[in-house]
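Examining the three-dimensional arrangement
Residues per chain, in single letters:
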Amino acid sequence: MCFCTTIYLTLHYKCYLFFRGLLYFLAMRQGLYKDINDFNILSPFESVFHVPLEERKYKDINQFGEGDQAKVCVDIMHKTGAHLELSMAKDQGLSIMVSGKLDAVMKARKEIVSRLQTQASATVAIPKEHHRFVIGKNGEKLQELELKTATKIQIPRPDDPSNHIKISGTKEGLEKAKHEILLISAEQVANLVSYQLPSDRSSHLFRASWSKRMSHDLNGFSVSKRDPVCVFSQANSYTVSSVVAPSWLHRFIIGKKGQNLAKITQQMPKVHIEFTEGEDKITLEGPTKDMQMVQSQMEAIVTDLVSRMDYLEISVDPRFHRHLIGKGGANINRIKDLHKVSVRIPPDNEKSHLIRIEGDPQGVQEASKELLELASRMENERTKDLIIEQRFHRAIIGQKGEKIKDVRDKFPEVIINFPDPAAKSDIVQLRGPRNEVEKCSKFMAKMVADMVENGFFLSVPIFKQFHKNIIGKGGANIKKIREETNTRIDLPAENSNSEMIVITGKKENCEANVRTFLISLSLTKPCFHSMEVSIPSKLHNSLIGSKGRFVRSIMEECGGVHIHFPTEGSGIDTVTIRGPAEEVEKAKKQLLSLAQDKVSFSLFILAKPEYHKFLIGKGGGNIRKVRDSTGARIIFPALDDEDQELITVVGTEEAVREAQKELEELIKSLDNVVEDVMNVDPKHHRYFVARRGQVLRDIADEYGGVMVSFPRSGANSDKVTLKGAKDCVEAAKKRMLEIIEDLDAQVTMECVIPQKFHRSIMGPKGSRIQGITRDHNVQIKFPERVDGPGKGGPAGKAPCCSRKCDVIVLSGRKERCEAAVEALKALVPVTTEVEVPFELHRYIIGQKGSGIRKMMDEFEVNIQVPAPELQSDIISITGLANHLDRAKEGLLERVKELTAEQEDRSLRSFKLTITVDPKYHPKIIGRKGAIITNIRTEHDVNIQFPDKNDDNQDQITITGYEHKATAARDAIQAIVDELEEMISEDITLDARVHARIIGARGKGIRKIMDEFKVDLRFPQPGAADPNQVFVTGRPELVDEAIDHLLNLEEEYVSTLVEVLQGEFTPKC
């Protein structure tokens, strides 16, 4: 502001300076508040603070980014909603960039100062009557001042005569707060002065009215108490200014995590630099003495960035934005890194077409070009939905995505999207260039068609015990079937109860080849039989029954035979029955009998599931009586049936009615609940209630849910109560007496087997010992394991001669225990030795032990190969006695195979060499190795050409069987003889026609070479004679080829001349 030096009032010079300073800063402050009011509170706001090392509250450098300081920053962000970024300066000071809404930034600034910076305090004295103006209405002015300066301001209470205001905070905040308070006080003084600035800009007339009282006291503010020049000086020590900078350059000026600004704030920590989005200026605020340097540095940075940075906005349809970004930002990040630019793609909710690119001018242009090309390509893209059944999706994708990767490699421009498996959708989406999408669509449709054709499956029931016959030794049989019939064969897991083998492939292969082959393999056992029965196809459904219940009951009753009906609607009458011969005959009689009776009547009876076992009886005895007396068939529900109470009765109406009557009487008697008591010696109580009452639960399941109650533990009673249906109670009582009889006859027997064999006897997860316990109905207890050396005696030796840890205790009936002891001894592994030549050991072991592991799994033995340093020929086999012979035979068979392979390798290692001039080597190799590959394949030999560094460049080595190596040598010699007969001639062909003769991608020259059986060599660019062409081949063929080339030259040259004449002939 410019003031007129003419003074119309006679005032003291100091008063003149005082009021001049007041008016200047009043104007400046008015402008400052105008700028702040223009800020949009909702706009993003950024501010950078610097905390010098000496003012840092947390000075442990090793804790930067962690510890208390990091926790404070996180707490400030949560509390204020602002975002903080910290960086460490070289002087170990902190630079903190705060961004967010204006009010959040101000709150965060206050928190930073109070919690991360050490505090200082100061006082400022202003007239008591000016305190209320510092406080403001409802304390708003004071709160604003504290936020702005990040300090704590304490004003004396009205009844306190003190005029000193206490300020606490950082040194920088103290100075700023003092400046603001003095400025507020100066405003109140200025309110008593009236002034006018004339419109004439050449001079300002300063006018003031001053009361006589003012020289002594101005509204209670004594001028004599405070020098006006001092007030002006303090007010003038703080300055606010701005630097013009395009808003899009702000983030480049700030730098990554505020690094660029940190360099400035480290030098001038008292200067605050503030950015506001959308405004083309940067606000600077700080001490006057520092402002000039900071402003010049900022202007230099802005000038530099403007000179070397540019931006460009391109328009792209918003529907393509996510494709430009790419998966996980892959596309856009690649463009940013490649061209060193920044790209802003608007979010979806803005629905804006404009994409902004900022950075180096050249990079901006290249990035915009690439983005527009991508967008243009997407506009030409097509999206197509393929309907592919979800069951095929996994097969198309392949294991670990291998198959779909091949498809994507074949069509790299097409994006293939499969639906989420949880969505259960059949739609596969293809996106890409129209032609490529069509090709990919046809390719995938063909893949699906092949899968559908090869997706036919057939389930063949084969008895579980014959599955290993189908697999064959080392999987040889199953492998042979798969290869010969081109099908996939899946067998059930060993621990599965299923007997179904699933065959997948083409329908004709499954039905005609595989099923017949599998059945023939299963018939290798003499006890196994297969029979075909002719039953009219119209009766098949009634014999199968609802959900297969009827035929399943026949199969279960006849020892688990397999009955196979032809496909419904095929019109075939043949029904196949397979299984043990006796059971097959039994099932045949039942089927023919039921077909003759023309079973067509059925009804349902309801009975509690717990009654079913009792109705069936032990071994099916009860239900067999009913069926034999009535002729009806009774079918109980399977475990997977929904209604477990439903019993189906099938047969003639008369037989069904009679069976219904008998069953209902049985069920009625079961509903008649009675209670009975029996005496059981207390010493046996524990056996019944042990293992959470497992024995009692088994009795309840078997005998219609009978409830058995034993007296409480400690009660001296032998009374046991049974409650349930009368017949069930009687049967349960009988069974319990049988158990008690067994317990009374129980003995304890010891079997001595060295501890080292116990694990082998138990088998995987105790399976072997469980089998012995179940088969012989005994209890077996193994001793606790004792670590450490010890010699165990032979199995079965007297207990007095053995260690305690070798004694296995058996409990049960004497005869059963004796049988179980023999079974245990049979499980003790024995060892045998086989002599195998040492040089074959590594082949028996196989790659990473695969060979020996395969043999051990197949024969269920342990095979021990001696260490290489022993040079021993003895291999030890340890296992069960009945497994050793098979294992030994298998090992010797493998030795025989390896010996034969060794002899074969020796025969195949025959070598011979042939001398051939190196100039003929390329001709022998042929185009892309076609000729030499053909010779190698035809004669089954290896042909090695000399390396570049070999001394004998004319020697070709052939390795293989002697007769085949000789034949390959003769084939190579024949090629050489033919090449030696060839001649090479050079002709002059006009260089202008070379391209025409060669043709697109060499198509023309290849046609001539194939037609005339010659080789053509055209000159390289820069050759001494660009017209010289070499023709190599048989003499007669070379002449024909040269004539053809010269004719082509003449034809092309004449055409060229005519064209040139036509271009230069003047037009009329």
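Here is what the cut-offs are and how they apply
- Residues numbered from 1 in each chain as written.
- Predicted model: local features only at pLDDT ≥ 70, side-chain atom pairs only at ≥ 80, totals over all residues.
- Heavy atoms only, no water.
- Salt bridge = Lys/Arg side-chain N within 4 Å of Asp/Glu carboxyl O.
- Helix = DSSP H or I, 4+ residues; strand = E, 2+ residues; numbered from the N terminus.
- Buried < 20%, exposed > 50% of the residue type's maximum accessible area, 1.4 Å probe, protein only.
- Axes fitted to C-alpha atoms, helices over the stretch in contact; angles between N-to-C directions.
- Parallel < 35°, antiparallel > 145°, perpendicular 65-115°, else oblique.
- Left-handed = near helix turned anticlockwise from the far one by under 90°.
- Contact = heavy atoms within 4.5 Å.
- Nonpolar A, V, L, I, M, F, W, Y, C, P; charged D, E, K, R; others polar.
- Pairing = 2+ DSSP bridges.
- Expected span 1.5 Å × (residues − 1).
- Arc of directions from axis to C-beta.
- UniProt positions renumbered as here; feature names shortened; annotations may be inferred.
- 1 Å grid on protein atoms, 1.4 Å probe; cavity = no way out; pocket = protein on both sides within 12 Å on 5 of 7 lines; lining within 4 Å.
- Points joined across faces, edges and corners; volume = space filled by probe spheres on them.

1. Comments concerning the pattern of salt bridges
- Using the criterion set out here, one finds 22 salt bridges in the structure.
- In this structure, Lys176 and Glu285 form a salt bridge, with 2.6 Å as the shortest nitrogen-oxygen distance. Placement of the pair is Lys176 in helix α6 (residues 171–190) and Glu285 in strand β9 (residues 281–287), with a sequence separation of 109 residues.
- Classification of Lys176 by relative accessible area gives buried; the value is 2%.
- Accessibility expressed as a relative area gives 7% for Glu285, which makes it buried.

2. Notes on the packing of helix α23 (residues 609–616) against helix α25 (residues 653–671)
- Close contact between α23 and α25 brings their axes to 11 Å; oriented N to C, the two are set at 120°. Classified by the angle between their axes, α23 and α25 sit oblique to one another. As for the relative orientation of α23 and α25, their crossing is right-handed in sense. The residues of α25 that touch α23, namely those facing Tyr611, Phe614 and Leu615, are Leu666, Ile667, Leu670 and Asp671.
- Split by residue class, the contact of α23 with α25 holds six nonpolar, no polar and one charged.

3. Focus on the sheet that holds strand β29 (residues 779–781)
- The sheet built from three strands is open, its strands ordered β28-β30-β29 with antiparallel pairing. Both edges of this open sheet fall to β28 (746–752) and β29, since each of them pairs with a single strand only. Along the sheet, successive strands turn relative to each other by an average axial angle of 20°, direction set aside.
- Here helix α30 (residues 814–826) sits on the sheet in contact with β28 and β30 (807–813), set at roughly 145° to β30.

4. Notes on helix α13 (residues 361–379)
- Between its first and last C-alpha, α13 extends 27 Å over 19 residues, near the 27 Å set by a 1.5 Å rise per residue.
- Regarding α13, the residues found buried are Gly363, Val364, Ala367, Ser368, Glu370, Leu371, Leu374, Ala375 and Met378. Down the axis of α13, the buried side of the element spans an arc of 165°, and every buried residue falls inside it. The exposed residues of α13 that point more than 90 degrees off its buried face are Gln362, Lys369 and Glu379.
- Looking at the buried positions of α13, the neighbouring elements they touch are β10 (310–315), α11 (321–325), α12 (330–339), β11 (341–344), β12 (354–359) and β13 (381–387).

5. A word on the packing of helix α32 (residues 850–859) against helix α33 (residues 881–908)
- Look at α32 against α33: their axes get within 10 Å of each other, and the N-to-C directions meet at 150°. The interaxial crossing formed by α32 with α33 has right-handed handedness. Within the contact between the two elements, α32 uses Met855, Glu858 and Phe859 and α33 uses His883, Arg886, Ala887, Gly890 and Leu891.

6. Topic: the UniProt feature "coiled-coil region" (unreviewed entry) in the chain
- Under the UniProt annotation, "coiled-coil region" (unreviewed entry) lies at residues 649–676.
- Within the segment residues 649–676, helix and strand shares are 68% and 25% respectively, and the terminal C-alpha atoms sit 33 Å apart.

7. Quick word on empty space enclosed by the protein
- As enumerated under the stated definition, the model contains five cavities of 30 Å³ or more in all.
- If you add up the space inside the largest cavity, you get close to 110 Å³.
- What lines the largest cavity is a set of 13 residues, and nearest its centre among them are Val113, Gln117, Thr170, Glu172 and His272.
- Counting residues per element, the ones that place at least two in the lining of the largest cavity are β1 (45–51), α3 (102–116) and α6.
- Partitioning the lining of the largest cavity into residue classes produces four nonpolar, six polar and three charged.

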